[in-house]
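Coordinates in review
The lines below spell out each chain.
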Amino acid sequence: MTLQTWLLFLAATAGLSCSPGPNGLLALTHGALYGRVRAVFTIVGGVLGFLLLMLLSMFGVGALLQSSETALTVLQWLGGAYLIGLGIQQWRAPGLHLQLQDEAARKNNARLFRQGALAALSNPKVLIFFAAFLPQFVDPQQGLPGQFAIMALTFALIEFTVEVLLAQAAHRIGPKLEKHGKRFNQICGGLFILIGLALPLSR
C-alpha cells in the first residue's frame, strides 16, 4: 500500500467513523449516561465487532483476488456505485434524535462491552459496506496480509479515537448534532459520494 493510498484510506475511514451510525450514537449516549471511562467498554466492544466483520470481508476479497483480478476490478466499480448510493441515502436522512433514557444503574462494564459488540455485529450492512469499501484500496501487485493489517489497524485506531471523543464531548455535542443533524448528514453523504466517484476512476 502506497502512502497516497493509505492517506485516502485514512480520510475515508475518518469520514466513515464520523458519520452517524449505531455505534457512534451508542458511544455518544453512553458517554452522557456513564461518563467517558465506562463508555470505553462500549467502544472497545464495538471496535472488536467491526474488526471481526472487517476480517470476514478481507477473506472474501482475498479469495476473489486469487480467482481473478478482473473480478476485483468489477467489484471495485460495483463498490463505488454502492458508496454513491449510500452517500445519497445519508444525504437524504433526517436529523439525529438521541435517546438518553437507559437502565444506567443496572449495566455493568461487561454488559456495556457486549452491547457495543452486538451493535456492530448485528448490522449486516456493515459487512456489505466493508466488502464494497476495502477493495478500493487493495493493490493486487502487493502482499495482501500486510495491506489488510494496515487497514485493520488504521480503522481500529480511527474508530476508537472518534468514539472516545464523542463520549467525552457527549453533553456538548449531542444537542448540536440534534440541532444541525440534517446538515451533518449531508456533509457525510457528500463525502461518501466523492469517494465512490473518485476511487474507481483513480485506478
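Worth saying up front: this structure is predicted, and the values here are computed from it rather than measured.

**With respect to the overall build of the chain**
Along its length, the chain carries 9 helices and 0 strands. Beginning at the N terminus, the succession of helices and strands in the chain can be written as α-α-α-α-α-α-α-α-α. Within the chain, the proportion of its 203 residues that are buried is 44%. Of all intrachain contacts in the chain linking residues separated by at least 6 positions in sequence, the fraction that spans at least 24 positions is 90%.

**A word on the packing of aromatic side chains**
Tallied over the full model, the rule gives 2 aromatic pairs. With centroids separated by 5.1 Å and ring planes inclined at 80°, the aromatic side chains of Phe9 and Phe137 adopt a geometry described as edge-to-face. Placement of the pair is Phe9 in helix α1 (residues 3-18) and Phe137 in the loop between α6 (124-133) and α7 (144-168), with a sequence separation of 128 residues. We classify Phe137 as buried; its relative accessible area is 2%.

**Structural notes on the confidence of the model for the chain**
Mean pLDDT for the chain: 75, with 70% of residues reaching 70 or above. Taking the mean pLDDT of every element in the chain, the minimum, 66, falls on helix α8 (residues 170-179) and the maximum, 87, on α7.

**Remarks on the side chain of Gln147**
With respect to the secondary-structure elements, Gln147 resides in helix α7. Judged by its relative accessible area of 1%, Gln147 is buried. A polar contact is formed between the side chain of Gln147 and the backbone oxygen of Gln142, at a distance of 3.3 Å. Residues contacting Gln147, with those up to four places away along its chain left out, are Met1, Phe137, Val138, Asp139 and Gln142.

**With respect to helix α5 (residues 109-121)**
In an α-helix, one turn spans 3.6 residues, which is why side chains three or four residues apart end up on the same side. Between the first and last C-alpha of α5 there are 18 Å, a value that for 13 residues agrees with the 18 Å anticipated at 1.5 Å per step. The backbone nitrogen of Ala110 lies 3.2 Å from a side-chain oxygen of the residue at the head of α5, namely Asn108.

**A closer look at the nonpolar core**
Counting residues in each nonpolar core, the largest one holds 20 residues, and the members touching the most others are Met54, Phe130, Leu134 and Met151. Sorting the residues of this core by element identifies α1, α3 (36-67), α6 and α7 as the ones contributing at least two each. The leading source of residues in this core is α7, at 5 residues. Beyond its immediate chain neighbours, meaning those up to four positions away, Phe130 contacts Phe50, Leu53, Met54, Ser57, Pro135 and Phe155.

**Describing a nonpolar patch on the surface**
A cluster of nonpolar side chains, Leu52, Leu55, Leu56, Phe59 and Leu121, forms an exposed patch at the surface whose accessible area comes to about 480 Å². Residue contributions to the nonpolar patch peak at 4 residues, all from α3. Relative to the helices and strands, Leu56 is located in helix α3.

**As for the side chain of Glu163**
Following the sequence through the fold, Glu163 ends up in helix α7. With no salt bridge to any partner, buried Glu163 finds its closest opposite charge in Arg36, at an N-O distance of 13 Å. In this structure, Glu163 is in contact with Asn23, Gly24, Ala27, Ile43 and Phe50, ignoring residues within four places of it in sequence.

**Observations regarding α1**
Helix length check: α1 (16 residues) gives 22 Å between terminal C-alpha atoms against 22 Å at 1.5 Å per residue, within 8%. Of all the residues in α1, the buried ones are Phe9, Ala12, Thr13, Gly15, Leu16 and Ser17.

**Overview of the packing of α1 against α7**
A pair of packed helices can be characterised by two numbers: the angle between their axes and the separation between those axes. Remark: α1 packs on α7, axes separated minimally by 9 Å, with the N-to-C direction vectors making an angle of 35°. The two elements α1 and α7 meet at a crossing, and its hand is right-handed. Two secondary-structure elements touch here, α1 through Trp6, Phe9, Leu10, Thr13, Ala14, Leu16, Ser17 and Cys18 and α7 through Ile150, Met151, Thr154, Phe155, Ile158, Glu159 and Val162. For the contact of α1 with α7, the class distribution of residues is 11 nonpolar, 3 polar and 1 charged.

Rules of the game
Residues numbered from 1 in each chain as written. Predicted model: local features only at pLDDT ≥ 70, side-chain atom pairs only at ≥ 80, totals over all residues. Heavy atoms only, no water. Helix = DSSP H or I, 4+ residues; strand = E, 2+ residues; numbered from the N terminus. Buried < 20%, exposed > 50% of the residue type's maximum accessible area, 1.4 Å probe, protein only. Contact = heavy atoms within 4.5 Å. Phe/Tyr/Trp six-rings, centres within 6.5 Å; stacked < 30°, edge-to-face > 60°. pLDDT = per-residue confidence, 0-100. Polar contact = N/O pair within 3.5 Å; in protein donor to acceptor, adjacent residues only side chain to side chain. Expected span 1.5 Å × (residues − 1). Core = buried A, V, L, I, M, F, W, Y, C linked by side-chain atoms within 4.5 Å. Patch = residues over 30% accessible without salt bridge, like charges linked within 9 Å, V, L, I, M, F, W, Y side chains within 5 Å. Areas by Shrake-Rupley, 256 points an atom, 1.4 Å probe, with all protein chains shown as cover. Salt bridge = Lys/Arg side-chain N within 4 Å of Asp/Glu carboxyl O. Lys, Arg positive; Asp, Glu negative; His and termini not counted. Axes fitted to C-alpha atoms, helices over the stretch in contact; angles between N-to-C directions. Left-handed = near helix turned anticlockwise from the far one by under 90°. Nonpolar A, V, L, I, M, F, W, Y, C, P; charged D, E, K, R; others polar.

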